[in-house]
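Observations on the model geometry
Listed here are the chains, written in short residue letters.
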Amino acid sequence: ATTIYDENYRGQYHFSPEKGWMNDPNGLVYKDSMYHLFYQYYPNATVWGPMHWGHATTKNFKKWEHKPIALYPDDLGFIFSGSAVVDVENTSGFGKDGKAPLVAIFTHHNMKIEKEGGPVYQYQSLAYSLDEGETWTKYEGNPILVDEKNKDFRDPKVFWHKETKSWIMVLVAGDHAKLYRSKNLKKWDNISDFGLEQGAHGGVWECPDLFKLKVKDNDEEKWVMLISIGSGGPNGGSATQYFVGDFDGTTFTSEQKVHRWLDWGTDNYAGVTYNDAPKNERVFIGWMSNWQYALKTPTGNWRSAMTLPRKLGLEKKDNKYYLTSSPLKEFLELKSMADGLSFDLKKGEQETLDMPGVGQSVLQFKMEKKDLKFALTNAAGERATMLFDSASKLFIFDRTQSGNHGFNYEFGNKLHYMPVDDLPDTFEVTIYVDRSSWEVFINDGQFVFTQQLFPSEEWSGVLLENLSGNQNQIKGLKMAAIPSIWS
Ligand code: FRU
């Protein structure tokens, strides 16, 4: 039987642990028609603690199933972030009777050595499963990768590189990424480093990813590296940057000197993509929180949710490459949306709409590149506001009046900004609202903003206000309810 998780603030179509603390998504891998999600997990409290890997599975992201804890801390340390691969050719030798093992590559973090001031307390280890991630065996040769020089040395992402028939690992060492190669997942050679002189360094580098993407409307393929930083994000605290470049099997290079953000919101961190997803798609999931206040958010006996699964894409404009992201189509049930409403708002005019159910829905409309205020509203008089300012080319988000924010000063003390340099004259806005979050996608995922919100009553209406000096048209406003992933 499935339990229905229906508590206050419990996202109904976003994954969250049934109880306890969750942070980063780990070991995202698709195997035998199943998407696996492992995650940084502390089951015994709603704050960070001795890290485990929690586990859940889904066939299509519309229903999730909680699984037994996959990895428990041991003598070598806590189980920090990492990845998982299907070792189809049994290069590791962990397979048995023709069964391809699922292999997890993760960081062991040794608290004892860290407290004693020892220089080496993060190292990489392996575990494998022969029963679809239900039970795991840790490799007796752990740790498999130690580095005397770097005390921050973690979050290995491993993938199979067809061209060189080898495993490639990217991990982070404080202020840069390191790449390794292996034939058997056990023995690794450092082949290159990246990033000392590039990108944002407002916090140590964490949770890297590296993958190839086809550029939209052209034959080009480029490689993308994701790097998260715990502080120094565009709107404070944690955020994820990306680099677009090339990977020749040994070295990753990128022309890009200045960082770019995958998401401008405060609540999308440590995200990585699935290995082996169908149709060669790049499916991304992030942790929908921020280290600034993650330990304080006012949820019940669980803490944190994941972002919606998003498909990543690449676009080229003026010789620059941009990463785009949009939720997997499964969630955009436009067919069930009623005919869109359209509004012609005169200067200063407002429209308030009763929209029961908006608190668990997807909203979509077309807007002009003119000043507009959009807000979610509720019976308690609270609002979450998004304002487009055409002169400064900014989307400005305001959650200072959005309900409960007294749990942490940083959470509700300021406006948040998303610069949108090159939007067309009219463009589409798609907003996923789920009780304690909203995810805003502008112009098909060209610009993305993800945020947690804690209204004291569910969102039940929408406010539109024309702030431009002219008439302003909002076209085809639609809303569709999104069913729960738990029922
Ligand atoms: C990112 C992170 C990782 C680390 C994990 C520990 O949020 O700090 O670098 O492996 O969390 O839980």
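Rules and cut-offs
Residues numbered from 1 in each chain as written. Predicted model: local features only at pLDDT ≥ 70, side-chain atom pairs only at ≥ 80, totals over all residues. Heavy atoms only, no water. Helix = DSSP H or I, 4+ residues; strand = E, 2+ residues; numbered from the N terminus. Rg over C-alpha atoms; globule rule 2.2 N^0.38 Å. Buried < 20%, exposed > 50% of the residue type's maximum accessible area, 1.4 Å probe, protein only. Contact = heavy atoms within 4.5 Å. Salt bridge = Lys/Arg side-chain N within 4 Å of Asp/Glu carboxyl O. Near = heavy atom within 4 Å. Polar contact = N/O pair within 3.5 Å; in protein donor to acceptor, adjacent residues only side chain to side chain. Areas by Shrake-Rupley, 256 points an atom, 1.4 Å probe, with all protein chains shown as cover. Nonpolar A, V, L, I, M, F, W, Y, C, P; charged D, E, K, R; others polar. pLDDT = per-residue confidence, 0-100. Core = buried A, V, L, I, M, F, W, Y, C linked by side-chain atoms within 4.5 Å. Phe/Tyr/Trp six-rings, centres within 6.5 Å; stacked < 30°, edge-to-face > 60°.

Concerning the overall build of the protein chain
Across its full length, the protein chain holds 1 helix and 34 strands. Its C-alpha radius of gyration of 22 Å places the protein chain within 12% of the 23 Å reference for a compact globule of 487 residues. When its C-alpha atoms are laid out on the principal axes, the protein chain stretches across 70 × 50 × 45 Å. With 487 residues in all, the protein chain has 60% of them scored as buried. Restricting the contact set of the protein chain to residue pairs at least 6 apart, pairs at least 24 apart contribute 62%.

What to know about the pattern of salt bridges
Within the structure shown, the criterion is met by 33 salt bridges. In this structure, the salt-bridge partner of Lys-31 is Glu-132, at a minimum N-O distance of 3.0 Å. Within this pair, whereas Lys-31 is found in strand E1 (residues 20-31), its partner Glu-132 is found in the loop between strand E7 (122-129) and strand E8 (137-138), the two being separated by 101 residues in sequence. The class for Glu-132 is partly exposed, based on a relative accessible area of 28%. One salt bridge in this structure joins Glu-410 and Lys-414, with 3.4 Å as the shortest N-O distance. Overall, the relative accessible area of 29% leaves Glu-410 in the partly exposed class. Beyond isolated ion pairs, a larger network of salt bridges with shared partners links Lys-31, Asp-32, Lys-99 and Glu-132.

Some words on the site of the ligand
Neighbouring residues of the ligand: Asn-23, Asp-24, Gln-40, Trp-48, Met-51, Phe-80, Ser-81, Arg-154, Asp-155, Glu-206, Tyr-269 and Trp-291. Between the ligand and Gln-40, the relevant distance is 2.6 Å, taken from an oxygen atom to a side-chain nitrogen or oxygen of the residue. Within the backbone of Ser-81, one N or O atom sits 3.2 Å away from an oxygen atom of the ligand. Out of a free accessible area of 320 Å², the ligand has 94% covered by protein chains. For the shell around the ligand, the elements supplying multiple residues, two or more each, are E1, strand E5 (78-86) and strand E9 (154-161). For the shell around the ligand, the per-class residue count stands at 5 nonpolar, 3 polar and 4 charged.

Re the environment of Gly-82
With respect to the secondary-structure elements, Gly-82 resides in strand E5. In this structure Gly-82 comes out as buried when scored by relative accessible area, which is 11%. Gly-82 sits 92 residues away from Gly-174 along the chain, and the two C-alpha atoms are 16 Å apart. Sequence-distant contacts of Gly-82, defined by excluding residues within four places in its chain, comprise Asn-26, Gly-27, Trp-53, Ile-105, Phe-106 and Pro-156.

Focus: the confidence of the model for the protein chain
When pLDDT is averaged across the protein chain, the result is 95; 98% of the residues are at 70 or more. Across the whole predicted complex the pTM is 0.97, and at the interface the ipTM reaches 0.98.

Structural notes on the nonpolar core
One finds Leu-376 and Phe-395 to be the most contacted residues of the largest nonpolar core, which totals 55 residues. Those residues within four positions of Phe-395 in sequence are excluded, and the remaining contacts are Met-367, Met-386, Leu-387, Phe-388, His-416, Tyr-417, Met-418, Val-420, Leu-423, Phe-427 and Ile-442. Core analysis: the next-biggest nonpolar cluster, separate from the first, contains 41 residues, Tyr-39, Phe-61, Trp-287 and Ile-482 among them.

Remarks on the packing of aromatic side chains
Tallied over the entire structure, the rule returns 40 aromatic pairs. Centre to centre, the rings of Trp-21 and Trp-287 are 6.0 Å apart; their planes meet at 70°, and the pair counts as edge-to-face. Pair noted here: Trp-21 is in strand E1 and Trp-287 is in strand E19 (residues 283-287), with a separation of 266 residues, a long-range link. Residue Trp-21 shares its accessibility class with Trp-287, and that shared class is buried.

Observations regarding the environment of Asn-90
Along the polypeptide, Asn-90 turns up in the loop between E5 and strand E6 (102-109). Here the alpha-carbon distance between Asn-90 and Ser-125, two residues 35 residues apart in the chain, equals 17 Å. Discounting residues that sit within four places of it in the chain, Asn-90 has contacts with Gly-95 and Pro-101.

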